[in-house]
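Coordinate analysis (summary)
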Amino acid sequence: MSETPSTDAASRPFREAVVDLDAVRENVEALIARVAPARAMVVVKADAYGHGAVPVARAALAGGAAWLGVADLDEAIALRDAGIDAPILAWLHDPDADFARAVRRNVDVGVSSIGQLRAVAAAAASVDGIARVHLKIDTGLSRNGVAPEEWDEAVRIAATLEAEGQVRVRGVFSHLANTSPDEDSAQLAAFEAALAAASGAGLDPEVRHLASTAGALRRPESRYDLVRLGIGCYGVPPFGDGTTAAELGLRPVMTLRGRVAAVRRIAPGTGVSYGHVWRADRPTTLALVPLGYADGVPRQASGRAEVWLAGARRPVVGRIAMDQFLVEVGDDAVAVGDEVVLFGDPATGAPSADDWGDAADTIGYEIVTRVGPRVPRTYVGGA
């Protein structure tokens, strides 16, 4: 086979993640239509699940998002520094977090303990401001959130701090585990009890939020005033039960692709990649793809995943290495420089992020989020 690049190869990057901002906007619009009249917080934590926080945030706001959600304050401040002035909630904090930054930059703070609540109030007092907080109750996920046995005390303290002008309790929230209908119902009941206790303490939150994408779509009673839309905005299904993005009216946002770096014809019995865990059983052609686990391609998918190359889905053979892996194309024609798509929109024939997740015994969330910094993001669509 030829080692000469195809004529249009120079016009395409060696490796890239193409992010379709129109798909972000359309996905947000579609999800909002499903959950209305609840408003939507679009979650752009972890650099928008690997897609790029600032451009995705802008596309989400264009699609009708009322809020943005992030994990930590650094992520929130980065959005503010980019000129984004929409409401932002940050909910996972360093024990020594500088909450004064949140007050100064109008970032809402998720509070998961009485100690955190006092620290946020003290930070607000230090800058003569009022901290906007969302109190989180642990309803059964057993991660962060005020412990149920401490909730009554937490809302009493919050009411006192609000009366003193140090905080404004803008929200009360929790998170469904999405375990089973019965366990989700138990969490809903626990959340209702927490809301009643907050009201009994004199709090009147502007927003109550419990559901992420999965709950918002399948448990209408969990929508309350606001839903936190995460992976669905990126066109990856949240359920893990075989439901496709297309069935939910969503389009995958990211396409991970590269160009064939080398082509080699091999004889029967030839071993491929580290450990020779795969050997050819016939004369065949291999195409070298210049992405590997340094770029977020999971080594666990070795010998199990497929890519789209030369008009068909082709199997990954041998072990995925740090920078590269091999694809078998049999007797079909392929040339250096040909485009290879690891995952994207299945409507084009390509595998999905969920397909790669299945191949690596993980979920589509991880596949898109782990795409590394060596892979440039190319943005299409959007304003």
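Keep in mind it's a predicted model, so treat the numbers as computed, not measured.

**Some points on the pattern of salt bridges**
Within the structure shown, the criterion is met by 27 salt bridges. A salt bridge links Arg 25 to Glu 26; its shortest N-O distance comes to 3.8 Å. With a closest N to O distance of 3.2 Å, Asp 108 and Arg 170 form a salt bridge. Pair noted here: Asp 108 is in strand β5 (residues 108-111) and Arg 170 is in strand β7 (residues 167-173), with a separation of 62 residues, a long-range link. Arg 170 shares its class with Asp 108; the two are buried. Salt bridges linked by common partners bring Asp 20, Asp 22, Arg 25, Glu 26, Glu 29 and Arg 251 together as one network.

**Overview of the nonpolar core**
In a soluble, globular protein the nonpolar side chains are often hidden away together inside. Core analysis: the biggest nonpolar cluster contains 121 residues, and Leu 135, Phe 325, Leu 342, Phe 343 and Trp 356 have the highest contact counts within it. When residues no more than four places from it in sequence are discounted, the contact partners of Leu 342 are Leu 256, Arg 257, Val 289, Leu 291, Val 297, Glu 306, Val 307, Phe 325, Pro 351 and Trp 356. In this structure, Ile 266, Ala 280, Leu 288 and Val 317 belong to the second largest nonpolar core, which totals seven residues.

**Description of the confidence of the model for the protein**
When pLDDT is averaged across the protein, the result is 95; 97% of the residues are at 70 or more. Here residues 1-7 is modelled with pLDDT under 50, and outside its nearest four sequence neighbours on either side it reaches 16 contacts, counting other chains as well.

**Considering the sheet that holds strand β19 (residues 377-380)**
Strand order in this open sheet of nine strands is β11-β14-β17-β16-β15-β18-β10-β1-β19, and the pairing throughout is mixed. The strands lining the two open edges of the sheet, one partner per strand, are β11 (262-266) and β19. The mean inter-strand angle of the sheet, taken between neighbouring strand axes irrespective of direction, is 35 degrees. Two elements, strand β16 (residues 312-317) and strand β17 (residues 325-330), share two bridges in a ladder whose sense is antiparallel. Its bridge partner lying in β17, Val 317 is registered against Leu 326. Seen against the sheet, helix α1 (residues 21-35) touches β1 (15-20) and β19 and runs at an angle of roughly 40 degrees to β1.

**Some words on helix α6 (residues 114-126)**
Helical geometry note: an α-helix holds 3.6 residues per turn, so side chains three or four residues apart project in the same direction. Taking 1.5 Å as the rise per residue, α6 with 13 residues should run 18 Å; its terminal C-alpha atoms sit 18 Å apart, in good agreement. Against α5 (99-104), β5, β6 (131-136), α7 (151-163) and β7 lie the buried residues of α6.

**Topic: unusual backbone geometry**
In this model, Ala 36 is joined to Pro 37 through a cis peptide bond whose omega is 15 degrees. For Pro 37, the position within the fold is in the loop between α1 and β2 (39-43). One non-glycine residue, Tyr 224, lies in the positive phi region at around 50 degrees. Tracing the sequence through the fold places Tyr 224 in the loop between α9 (213-218) and β9 (226-229).

Basis of the calculations
- Residues numbered from 1 in each chain as written.
- Predicted model: local features only at pLDDT ≥ 70, side-chain atom pairs only at ≥ 80, totals over all residues.
- Heavy atoms only, no water.
- Salt bridge = Lys/Arg side-chain N within 4 Å of Asp/Glu carboxyl O.
- Helix = DSSP H or I, 4+ residues; strand = E, 2+ residues; numbered from the N terminus.
- Buried < 20%, exposed > 50% of the residue type's maximum accessible area, 1.4 Å probe, protein only.
- Core = buried A, V, L, I, M, F, W, Y, C linked by side-chain atoms within 4.5 Å.
- Contact = heavy atoms within 4.5 Å.
- pLDDT = per-residue confidence, 0-100.
- Pairing = 2+ DSSP bridges.
- Axes fitted to C-alpha atoms, helices over the stretch in contact; angles between N-to-C directions.
- Expected span 1.5 Å × (residues − 1).

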